[in-house]
There are 2 protein chains.
Amino acid sequence: MSLTAPAGFRASGVTAGLKASGRPDVALVVNDGPSHVGAAVFTSNRVVAAPVLWSRTAVGDGVVRAVVLNSGCANACTGAEGFADTHRTAERVADALAVSAADVLVCSTGLIGERLDLPALLTGVDAAVDALADDPVGGTHAAEAIMTTDTVAKEVAVTRQTAAGTWTVGGMAKGAGMLAPALATMLAVLTTDAVVEPEDADAALRAATRVTFDRVDSDGCQSTNDTVAILASGASGVPVGRAELTEALTTVCADLARRLVADAEGASHDVAVTVSGATSEDAALAVARAVTRSNLLKAAIFGNDPNWGRVLAAAGTVPAEVAPFDPDAVDVTVNGVAVCRGGAPGEDRALVDLAASREVRIDVELHAGEAAATVWTNDLTHDYVHENSAYST
Amino acid sequence: MSLTAPAGFRASGVTAGLKASGRPDVALVVNDGPSHVGAAVFTSNRVVAAPVLWSRTAVGDGVVRAVVLNSGCANACTGAEGFADTHRTAERVADALAVSAADVLVCSTGLIGERLDLPALLTGVDAAVDALADDPVGGTHAAEAIMTTDTVAKEVAVTRQTAAGTWTVGGMAKGAGMLAPALATMLAVLTTDAVVEPEDADAALRAATRVTFDRVDSDGCQSTNDTVAILASGASGVPVGRAELTEALTTVCADLARRLVADAEGASHDVAVTVSGATSEDAALAVARAVTRSNLLKAAIFGNDPNWGRVLAAAGTVPAEVAPFDPDAVDVTVNGVAVCRGGAPGEDRALVDLAASREVRIDVELHAGEAAATVWTNDLTHDYVHENSAYST
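Residues numbered from 1 in each chain as written. Chains lettered and ligands numbered in written order. Predicted model: local features only at pLDDT ≥ 70, side-chain atom pairs only at ≥ 80, totals over all residues. Heavy atoms only, no water.

### Some remarks on the sheet that holds strand β10 (residues 270-278) of chain B
Residues and elements named next belong to chain B.
Logical step 1: Sheet architecture is open: 6 strands sit in the order β13-β12-β11-β14-β10-β15, paired in mixed fashion. Whereas interior strands pair on both sides, the edge strands pair on one side only; in this sheet they are β13 (344-345) and β15 (371-378).
Logical step 2: Strands β10 and β15 of the sheet are contacted by helix α7 (residues 281-292), whose axis makes an angle of about 25 degrees with β15.
Logical step 3: Against the sheet, helix α8 (residues 295-302) makes contact with β10, β14 (359-365) and β15, and its axis sits at roughly 135 degrees relative to β14, the strand it touches most. (Pairing = 2+ DSSP bridges. Helix = DSSP H or I, 4+ residues; strand = E, 2+ residues; numbered from the N terminus. Contact = heavy atoms within 4.5 Å. Axes fitted to C-alpha atoms, helices over the stretch in contact; angles between N-to-C directions.)

### Considerations on the pairing of strand β15 (residues 371-378) of chain A
Residues and elements named next belong to chain A.
Logical step 1: Across the 8 residues of β15, 6 count as buried, placing the element largely inside the fold.
Logical step 2: Here 7 bridges tie strand β10 (residues 270-278) to β15, and the two strands are oriented antiparallel to one another. When the sheet's bridge partners are listed, D270 is paired in β15 with N378. (Buried < 20%, exposed > 50% of the residue type's maximum accessible area, 1.4 Å probe, protein only.)

### Examining the UniProt feature "active site" (unreviewed entry) in chain A
Logical step 1: As recorded in UniProt, the sites labelled "active site" (unreviewed entry) are T185 of chain A.
Logical step 2: Setting aside residues no more than four positions away along its own chain, T185 of chain A makes contact with S108, T109, K174, G175, S223, N225 and D226 of chain A. (UniProt positions renumbered as here; feature names shortened; annotations may be inferred.)

### Examining the sheet that holds strand β14 (residues 359-365) of chain A
Residues and elements named next belong to chain A.
Logical step 1: Taken in spatial order, the 6 strands of this open sheet run β13-β12-β11-β14-β10-β15, and their pairing is mixed. Here the strands that pair on one side only, and so sit at the sheet edges, are β13 (344-345) and β15.
Logical step 2: Inspection of the sheet shows strand β11 (residues 331-334) paired to strand β12 (residues 337-341) by 2 bridges, in the antiparallel sense. The residue of β12 that forms the bridge with V332 is C340.

### A closer look at unusual backbone geometry
Residues and elements named next belong to chain A.
Logical step 1: Going from G33 to P34, the amide bond is cis rather than trans, its omega being 20 degrees.
Logical step 2: By secondary structure assignment, the location of P34 is in the loop between β2 (26-31) and β3 (37-42).
Logical step 3: With phi around 55 degrees, H367 is a residue other than glycine that occupies positive phi space.
Logical step 4: Examined against the element boundaries, H367 turns out to sit in the loop between β14 and β15.
Logical step 5: For H367, a relative accessible area of 49% translates into the label partly exposed.

### A closer look at the relation of the copies chain B and chain A
Logical step 1: When chain B is fitted to chain A, the best match, at an RMSD of 0.0 Å, comes from turning it 180 degrees and sliding it 0.0 Å along the axis. This pairing of chains is accounted for by a two-fold axis. Relative to the rotation axis, the closest C-alpha in chain B is found at H382 of chain B, a distance of 2.7 Å.
Logical step 2: With an isologous cut-off of 70% or more, the 100% of interface residues of chain B that recur at the interface of chain A puts this contact in the isologous class. (Least-squares fit on C-alpha atoms with pLDDT ≥ 70 in both.)

### Let's talk about the packing of helix α5 (residues 198-210) of chain A against helix α6 (residues 242-262) of chain A
Residues and elements named next belong to chain A.
Logical step 1: It is at 8 Å that the axes of α5 and α6 come closest, and there the two elements cross at 40 degrees. The angle between α5 and α6 falls in the class oblique. Every pair of crossing elements has a handedness; the one defined by α5 and α6 is right-handed. Residues E199, D200, A201, A203, A204, L205, A207, A208 and T209 of α5 pack against R242, L245, T246, L249, T250 and C253 of α6. (Parallel < 35°, antiparallel > 145°, perpendicular 65-115°, else oblique. Left-handed = near helix turned anticlockwise from the far one by under 90°.)

### Here we look at the nonpolar core
Logical step 1: Core analysis: the biggest nonpolar cluster contains 52 residues, and L28, L69 and M172 of chain B have the highest contact counts within it.
Logical step 2: Here this core gets 7 residues from one element, more than from any other, and that element is helix α3 (residues 118-131) of chain B.
Logical step 3: Ignoring sequence-local partners within four residues, the contact set of L28 of chain B consists of R10, A11, S12, A66, V67, V68, V93, A128, V129 and L132 of chain B.
Logical step 4: By size, the runner-up hydrophobic cluster in this structure holds 50 residues, among which are A16, V48, L116 and V189 of chain A. (Core = buried A, V, L, I, M, F, W, Y, C linked by side-chain atoms within 4.5 Å.)

### A short note on the domain arrangement of chain A
Residues and elements named next belong to chain A.
Logical step 1: Looking at chain A, the domain boundaries give domain 1 (9-262) and domain 2 (270-390).
Logical step 2: Centre-to-centre, using C-alpha coordinates, domain 1 lies 32 Å away from domain 2.
Logical step 3: Tallying the contact residues gives 14 residues for domain 1 and 19 residues for domain 2.
Logical step 4: Two residues, D270 and R258, come together in a salt bridge whose shortest N-O distance is 3.1 Å.
Logical step 5: A total of 3 residues in the side of domain 1 that touches domain 2 trace back to one element, the largest contributor, which is α6.
Logical step 6: Residue composition of the side of domain 1 that touches domain 2, grouped by class: 5 nonpolar, 3 polar and 6 charged. (Domains from an automatic or database assignment. Salt bridge = Lys/Arg side-chain N within 4 Å of Asp/Glu carboxyl O. Nonpolar A, V, L, I, M, F, W, Y, C, P; charged D, E, K, R; others polar.)

### Observations regarding the pattern of salt bridges
Logical step 1: Using the criterion set out here, one finds 34 salt bridges over all chains in the structure.
Logical step 2: Residue R10 of chain B pairs with D32 of chain B through a salt bridge whose shortest N-O separation is 2.7 Å. Remark: D32 of chain B occurs in the loop between β2 (26-31) and β3 (37-42) and R10 of chain B occurs in strand β1 (residues 9-14); sequence separation between them is 22 residues.
Logical step 3: Judged by relative accessible area, D32 of chain B falls into the partly exposed class, the value being 41%.
Logical step 4: Between K154 of chain B and D150 of chain B there is a salt bridge, with its nearest N and O atoms 2.7 Å apart.
Logical step 5: Residue D150 of chain B is classed as buried on the basis of its relative accessible area of 6%.
Logical step 6: Put simply, R258, D270, R358, E359 and R361 of chain A are held in one network by salt bridges that share partners.

### What to know about the packing of aromatic side chains
Logical step 1: Applying the stated criterion across every chain, the model contains 2 aromatic pairs over all chains.
Logical step 2: Just above the ring of F325 of chain B sits the side chain of R46 of chain A; from NZ or CZ to the centre is 4.1 Å. (Phe/Tyr/Trp six-rings, centres within 6.5 Å; stacked < 30°, edge-to-face > 60°. Lys NZ or Arg CZ within 6 Å of the ring centre and 35° of its normal.)

### Considerations on the interface of chain B and chain A
Logical step 1: Between chain B and chain A, the residue contacts involve 56 residues of the former and 56 residues of the latter.
Logical step 2: Both faces combined, the contact of chain B with chain A buries some 4,400 Å², and carbon together with sulfur accounts for 59% of it.
Logical step 3: Our count for the contact surface shared by chain B and chain A stands at 0 salt bridges.
Logical step 4: At the junction of chain B with chain A, the criterion picks out 12 residue pairs in polar contact (both at pLDDT 80 or more).
Logical step 5: Among the elements that line the side of chain B that touches chain A, the one with the most residues is helix α10 (residues 382-390) of chain B, at 6 residues.
Logical step 6: In terms of residue class, the side of chain B that touches chain A is built from 28 nonpolar, 21 polar and 7 charged. (Buried area = accessible area lost by both parts, 1.4 Å probe. Polar contact = N/O pair within 3.5 Å; in protein donor to acceptor, adjacent residues only side chain to side chain.)

### Regarding the pairing of strand β6 (residues 154-162) of chain A
Residue and element names in this part refer to chain A.
Logical step 1: Bridge analysis of β6 against strand β7 (residues 165-174) gives 9 bridges, and the strand direction is antiparallel. Its bridge partner being in β7, T162 is matched across the sheet by G165.
Logical step 2: Between β6 and β7, which follow one another and run antiparallel, lie 2 residues.

Structure (structure tokens):
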């Protein structure tokens, strides 16, 4: 159930000493082909880390042979020297695998504004090459080596059957700080043994991430390092079209995104905010993001208080030109209890028991149209404040 | 040093029983003239409380005789019945003062989604009328009666001398939750004995709040109840023009806004984020708001960590069309220490001692233009989470 579930891939995770904790910190994923199709999406932040600058260019031709990832240091805000460090990392991988450095993606996560310990990282790369394995353990070791404040490694694999045969998609992800609106590095690598065209891989990845990873958290802001990459080996010999690939990638990305929410730093609740009755999907999304961004609502949920007034107040901050609706028509339902009807009190909020489960469902019906969207977030807890005041990312 | 410092005003604060704590909860401010000029600005939220709906209409003709304010209940999300409650409150004041209800503004703050205890409020209004006083105690009692989670009453008065004589501006404010991006009711009433035209009062109030109250906190979102009103009695006999009035109101509003930041719920630091070198004031403001909105940065400041990477990452979330700048040119200075130069590490962050004082200054130089703006916020603390998870607003 990992990166190495599809045929044609090897992976590894080793300890290079970049983390003070001594936990594994270098991961490597290699596509052994016969095809080497690759695509990736990156953070929308204008402040991007050196590995993002590198990988954006490297993926441009649609060919990716390997992805090397390190935790312990983000190599962000490190200037020209930081970029040179990333370049040298890619070259070390390329030399060992006898491929071009321009076909090696690099991902980093960890402290910002600090230089990498490059000698340690390069030694780790050599060890990661030696440790490459095509069995499930290889993928799991890779998933463990990219963890930062994650408490569990996140892996998934799905298999699809078509008339032409069976093909598989595997994946791993990290990123436990998804509660934060402005910075929470999320890295994911997906693999598939399907035979796909580069443009289909790119389109399917964008379609899948748009409705999954992009709808975890809040305001569309992303960290300096966010990267999601797909590598396709073609080893199954099964040709797969854009629609089929999009379906499978969406399933895999949704699963990984849900695991990220469940492992968010210090959170005690996972909150799904679904806005329906909007005039467009963008309008629904804007309202859902405004609600998931409200610190007051998130703190209320931590206190097991179904504070629907804070939902309404957050929705009201979205400009009418972005999301037309009548505030006096809005219904809010929390875990199935209609606590607000037509912008005024509905059923007794005491009927809502938020303490009963980790998952909370907030449904906002705008009564303005037919479109809907869901955004996931977490509650705002003492542990969140503690982790983010004590840990420098 | 209060609302009643200018000539022509009486004020009071009494206990009507709207607050479970039994603290004062109804305030009244009366303009005895000879002039009754009034202006007000309100929340930009589309979900507005009944008193805002009422007062927006009432202030339309530029005549205000009195402002009645209650704490303990926001009368927000209460539908047509809530509006009727506000209407009856204004009528009770108007009857007692023998003025028109259409010249009485109403402000409410407290719990959302709950009806007012109207009989208690109306009895409180009668008591507030009886208690009206033109001495400093009257103003102070009013300032105390509008407090919610505020720990201190907030009052100010300034006097200005012109060739035509002396005139005074007084003011009070409440709103201790300014750390929250989406909801933190802020109420302020200003008084002056200057002789002013209604359009000058309106323009001066808008100009003053734009650079003061509107730059406390984060993202321009406001609560369902925010109101700032100015009442001018003309009792000094000193005619004052728009520019002079703007200067004095800006001084008073800046003082009150700074007090709000200093009393923010659970905060341990007041943080001034100044963005300079921007292509326009709007661009500077957009970057400053993005930085003050970062939960990760706020949590880091609580931990006394001058985490400039989080400043840069937040700045990078502002679209280039809103604020053009080169991320590799940005300098960040924290409490005078240049921790980031040209988007990369500068002086040692260990030189910054955030524990030494409550006030923190973060200066972001974009090197893209000449414009600047400052936004105030607070750190994100355990006490903030506690207060906002335990207290239903």
